[in-house]
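# Working through the structure, step by step
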Amino acid sequence: NSSSSLSLNRPAIHFTPDKGWINDPNGLWYDAKEEDWHLYFQYNPESPHWDLPLYWGHAVSKDLTVWKDHGVSFGTKNESDGAFSGSMVIDYNNTSGFFNASVDPRQRVVAVWTLAEPDKQTQLLSYSHDGGYHFTEYEGNPVLDIDALNFRDPKVFWYDGAEDSEGHWIMAVAIPQKFSVAFYSSPDLKEWTLESDFTDKGFVGYQYECPGLVKVPYVRNTTFASTPNSNVTSSSPLSFNSTESWINSTSAAWNSSSVWNSSHTNSTLLNSTMFGNETVLQEALEESGFAWVLFLSINPGAPQGGSVNEYFIGDFNGTHFHPFDDQTRFVDLGKDFYAMQTFFNTPNQKDVFGIAWASNWQYGNHVPTTPWRSSMSLVRNFTVTEFNPNPNTTELVLSGVPVIDYSELRKNGTTYSIEDKQLSVSDSEVIELEDPTGVFEFSLEWSVNATNVKNYVFSDLSLYLQGDKHADEYLRLGFEANAAAFFIDRGHSNVPFVEENPFFTQRLSVNNPPSDYTSNTYDVYGVVDRNIIELYFNNGTVTSTNTFFFTTGNYISSIILETGVDDVYEVSNLRVNQFYA
Ligand code: FRU
């Protein structure tokens, strides 16, 4: 019977609505007056699955850890339409004219969103005079209409001009089935001018959704960064912090403003000089302190099935984005991380925080939870940094680490730990959590003695995270030395959905390079929250987020560390903190 399959293991530190369906995070912004974080989301409170009319729901948090659901924020006039994804900006200087002096500049929020009608998608504005709780639709809507069936998910930010030029708003918006992100500019959020497009790049799948262009802090990773080459001149021609970006100043091709669907510029500078010379790029990044990152969501058609978030690292000159290289990078390699969006405004202006929908369109409508369906990811703090995918190459990557207020969660907690253990087949190290809450963090650091690894022997280091009431329900995680990959197996469950749904991939893995090639050391940090696990490798340069479903009330209580081989693994530490949420 289906009711016994319902999992009520509702996450505690991942946002879920009290009831109904949610998908993409929308309109993320931080209210500096009230010190509140606002999260909006695709929402149908009356339906257990995606359905029209689709609203924007609203939740508020003080600490990005625990959220309060405020229900429906706004919807469409017509029941057959949907208030599709979009973003919010704070219009401090009242460029839109929607505000008067009675609204604190820090709370002048304008939502830019997609009205999805049966035959058309257009971009609309709604503004709030009460700090994001009630919204009024702009009477001049829509502000962008290109007469397209698919045209959605506007993400808007303010681009600062140089001293002598005014700044302007920039919107990144998807023309999904043309594999295109269009960039529009505006002085007032109402009049938009097409500036450029980013088309047919990266991994495309079926369609592009939910783009977002963001200035992300660069944090040089001295462990990974290649040794500065003394032959390279230190006066770098690249300047990231002026509007005269190096793209414009060094490549004539980029000076001609590209028009819609113009042929794409092929900048040899970017392709050869830049990445042929990592040191120059690193110095330029260090001087400017940031790089531009274009986030993009692909669905369906992800390599791991269904939905995936990719990103490109590059430069933006106020109108055009150009990636540094031709790589497609993925934000998270798990199955449940989609439609990631970043906050407009953070207390420390440079910080880039983002949230994703922690599900996948392949099975989001079917996951066994009630009366809510699906959750958001944890908040991540993003930086651009270096990483060695192999010992010979240094690459720029995004690092995303969780933003959690640990003070309450760890209260009364004991740290369980295992240290400096040379593991052998006969050992089984066990941590038993007292009074399990289903919510905990763990970190594991291990090293591999490669000389003892035989290529024909499956050489695993496994962690079994086992339920307290039904020990036959468990997650198995671990590393295998020959594959040099970290695996997760979420298939050991009595919940029929797990076995029955062919898209709920039970076994996944991520490429897991060492954090230190010399000592062959690896690390992972994990957060488990009732029915979701987020894994962060090498300081978040590789991540994997996955939901899992155990029988109602069966919370993980035993953490068992085992290996199938002798003299290969040394665990320098395994630490576990139970959270009290
Ligand atoms: C992405 C998406 C968006 C759209 C919204 C509709 O998950 O398909 O492109 O705006 O969901 O709910």
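Residues numbered from 1 in each chain as written. Predicted model: local features only at pLDDT ≥ 70, side-chain atom pairs only at ≥ 80, totals over all residues. Heavy atoms only, no water.

### As for the overall build of the protein chain
To keep things clear, this is the line we draw: Each helix corresponds to a stretch of at least 4 residues labelled H or I by DSSP, and each strand to a stretch of at least 2 residues labelled E; elements are numbered beginning at the N terminus. Working definition: with a 1.4 Å probe on protein chains only, accessible area under 20% of the residue-type maximum means buried, over 50% means exposed, and in between means partly exposed. The contact criterion used throughout is that any non-hydrogen atoms of two residues lie within 4.5 Å. Calculation of accessible area relied on Shrake-Rupley with a 1.4 Å probe; when residues are assessed, cover is drawn exclusively from the protein chains displayed.
Scanning the protein chain from N- to C-terminus turns up five helices and 34 strands. With 581 residues in all, the protein chain has 61% of them scored as buried. Sequence-distant contacts in the protein chain: of pairs separated by 6 or more residues, those separated by 24 or more amount to 65%. For the protein chain, the accessible surface area stands at approximately 22,200 Å², while carbon and sulfur atoms represent 47% of it.

### A few points about the packing of aromatic side chains
We count it as follows: Note on aromatic contacts: the rings of Phe and Tyr and the six-membered ring of Trp form a pair at centre separations within 6.5 Å, being stacked when their planes are under 30 degrees apart, edge-to-face when over 60 apart, and tilted otherwise. Either the NZ atom of lysine or the CZ atom of arginine qualifies as a charge over a ring when it sits within 6 Å of the ring centre and within 35 degrees of the ring normal.
All chains considered together, the criterion is met by 49 aromatic pairs. Judged by centre distance (4.4 Å) and plane angle (45 degrees), the rings of Tyr30 and Trp37 are tilted. By relative accessible area, which is 8% here, Tyr30 ends up buried. On the basis of relative accessible area, Trp37 is assigned to the buried category, the value being 6%. On the basis of an interplanar angle of 55 degrees and a centroid distance of 5.3 Å, the ring pair of Phe98 and Tyr138 is categorised as tilted. Residue Phe98 is found in the loop between strand E5 (82–90) and strand E6 (109–117), and its partner Tyr138 is found in the loop between strand E8 (136–137) and strand E9 (152–159); the two are separated by 40 residues along the sequence. We classify Phe98 as buried; its relative accessible area is 9%. For the cation-ring pair, Lys201 lies above Phe198, with the distance from its terminal atom to the ring centre recorded as 5.2 Å. Sitting over the ring of Phe290, Lys215 keeps its end group 4.3 Å from the ring centre.

### Some thoughts on the pattern of salt bridges
Two side chains with opposite charge may pair up if their charged atoms get near one another. Quick reminder of the rule: Salt bridges, as used here, are contacts in which a Lys or Arg side-chain nitrogen is within 4 Å of a carboxyl oxygen on Asp or Glu.
Evaluated as defined, the whole model comprises 22 salt bridges. Lys77 is paired through a salt bridge with Glu137; the nearest N and O atoms lie 3.2 Å apart. With a gap of 60 residues between them, Lys77 in the loop between strand E4 (67–74) and E5 and Glu137 in strand E8 connect regions that are remote in the sequence. Of the residues examined, Lys77 reaches a relative accessible area of 76% and is grouped as exposed. Linking Arg490 and Asp336 is a salt bridge whose minimum nitrogen-to-oxygen distance equals 3.1 Å. Note that Arg490 is positioned in strand E28 (residues 485–492) and Asp336 in the loop between strand E17 (329–330) and strand E18 (338–342), a separation of 154 residues in sequence. Summarising the burial analysis for this pair, Arg490 and Asp336 share the class buried.

### Description of the sheet that holds strand E24 (residues 429–432)
Let me state the cut-off plainly: Following DSSP output, two strands are said to pair if at least two bridges run between them. Every axis in this analysis is a line fitted to C-alpha atoms, fitted for helices over the stretch in contact. Angles between the N-to-C directions lie between 0 and 180 degrees.
Taken together, the six strands give an open sheet; going across it, the order is E24-E33-E26-E27-E28-E29, and neighbouring strands pair in antiparallel fashion. Edge positions in the open sheet fall to E24 and strand E29 (507–511), since each of these has one partner strand only. Pairwise comparison of adjacent strand axes, ignoring direction, gives a mean angle of 15 degrees for this sheet. As paired strands, strand E26 (residues 460–467) and strand E27 (residues 474–480) are joined by seven bridges and run antiparallel to one another. Within E27, the position partnered with Asp460 by the bridge is Glu480.

### What to know about the sheet that holds E8
The sheet built from four strands is open, its strands ordered E5-E6-E7-E8 with antiparallel pairing. What marks the edges here is a single partner per strand, and that holds for E5 and E8. The pairing of E6 with strand E7 (residues 120–127) spans eight bridges and is classified as antiparallel. Counterpart to Val110 in the pairing with E7 is Tyr127.

### Quick look at the site of the ligand
Going by this rule: Note on definitions. A residue lies near a molecule or strand when any single heavy atom of the residue is within 4 Å of it. Here a polar contact is taken to be a pair of N or O atoms separated by no more than 3.5 Å, where protein atoms must pair a possible hydrogen donor with a possible acceptor and residues adjacent in sequence count only if both atoms sit in side chains. For this classification, the nonpolar set comprises Ala, Val, Leu, Ile, Met, Phe, Trp, Tyr, Cys and Pro, the charged set comprises Asp, Glu, Lys and Arg, and every other residue, Gly included, is treated as polar.
Taken together, the residues surrounding the ligand are Asn23, Asp24, Gln42, Trp50, Leu54, Phe84, Ser85, Arg152, Asp153, Glu209, Tyr338 and Trp361. With respect to the ligand, the side chain of Arg152 contributes an N or O atom lying 2.7 Å from an oxygen atom. Here Asp153 contributes a side-chain N or O atom positioned 2.6 Å from an oxygen atom of the ligand. Relative to its unbound accessible area of 310 Å², the ligand is 95% covered by the protein chains. Mapped onto the shell around the ligand, the elements with two or more residues apiece are strand E1 (20–31), E5 and E9. Grouping the constituent residues of the shell around the ligand by class yields five nonpolar, three polar and four charged.

### Details of the environment of Thr505
You can see Thr505 is positioned in the loop between helix H5 (496–500) and E29. Along the primary structure Thr505 and Gly305 are separated by 200 residues, whereas in three dimensions their C-alpha atoms are 8.3 Å apart. The contacts of Thr505, once residues within four sequence positions are left out, are Gln304, Lys335 and Arg490.

### Side note on the pairing of E24
Side chains of E24 alternate between two faces, with Glu429 and Ile431 buried and Val430 and Glu432 left unburied. Pairing analysis gives four bridges linking E24 to strand E33 (residues 556–563), with the strands arranged antiparallel. Looking across to E33, one finds that Glu432 is bridged to Ser558.

### A few points about unusual backbone geometry
The step from Leu52 to Pro53 runs through a cis peptide bond, and the omega angle for that step is -5 degrees. One can find Pro53 in the loop between strand E2 (36–44) and strand E3 (55–61). Cis geometry marks the peptide bond from Asn141 to Pro142, where omega comes out at -5 degrees. Locating Pro142 in the fold gives a position in the loop between E8 and E9.

### Side note on the environment of Arg380
Within the fold, Arg380 resides in strand E21 (residues 379–390). The sequence separation of Arg380 and Ser399 amounts to 19 residues, and the corresponding C-alpha distance is 9.0 Å. Among the polar contacts listed, one links the side chain of Arg380 to the side chain of Glu534, at a separation of 3.2 Å.

### Here's the deal with the nonpolar core
Which entries qualify depends on this criterion: Throughout, nonpolar core names a set of buried Ala, Val, Leu, Ile, Met, Phe, Trp, Tyr and Cys residues whose side chains join them through atoms within 4.5 Å. The domain boundaries here were taken from an automatic or database domain assignment.
By size, the foremost hydrophobic cluster in this structure holds 62 residues, and its most contacted members are Phe442, Trp446, Leu465, Ile533 and Leu574. By residue number, the principal contributor to this core is strand E25 (residues 439–448), which donates five residues. Counting contributing residues per domain, this core is built from domain 1 (18–254 + 263–402) and domain 2 (406–578), each supplying no fewer than three. Apart from residues no more than four positions distant in its own chain, Ile533 is found in contact with Phe442, Leu465, Leu475, Leu477, Ile488, Val527, Val528, Ser544, Thr545, Asn546 and Phe548. Ranked by size, the runner-up nonpolar core spans 36 residues in total, among them Ala83, Ala111, Val173 and Tyr184.

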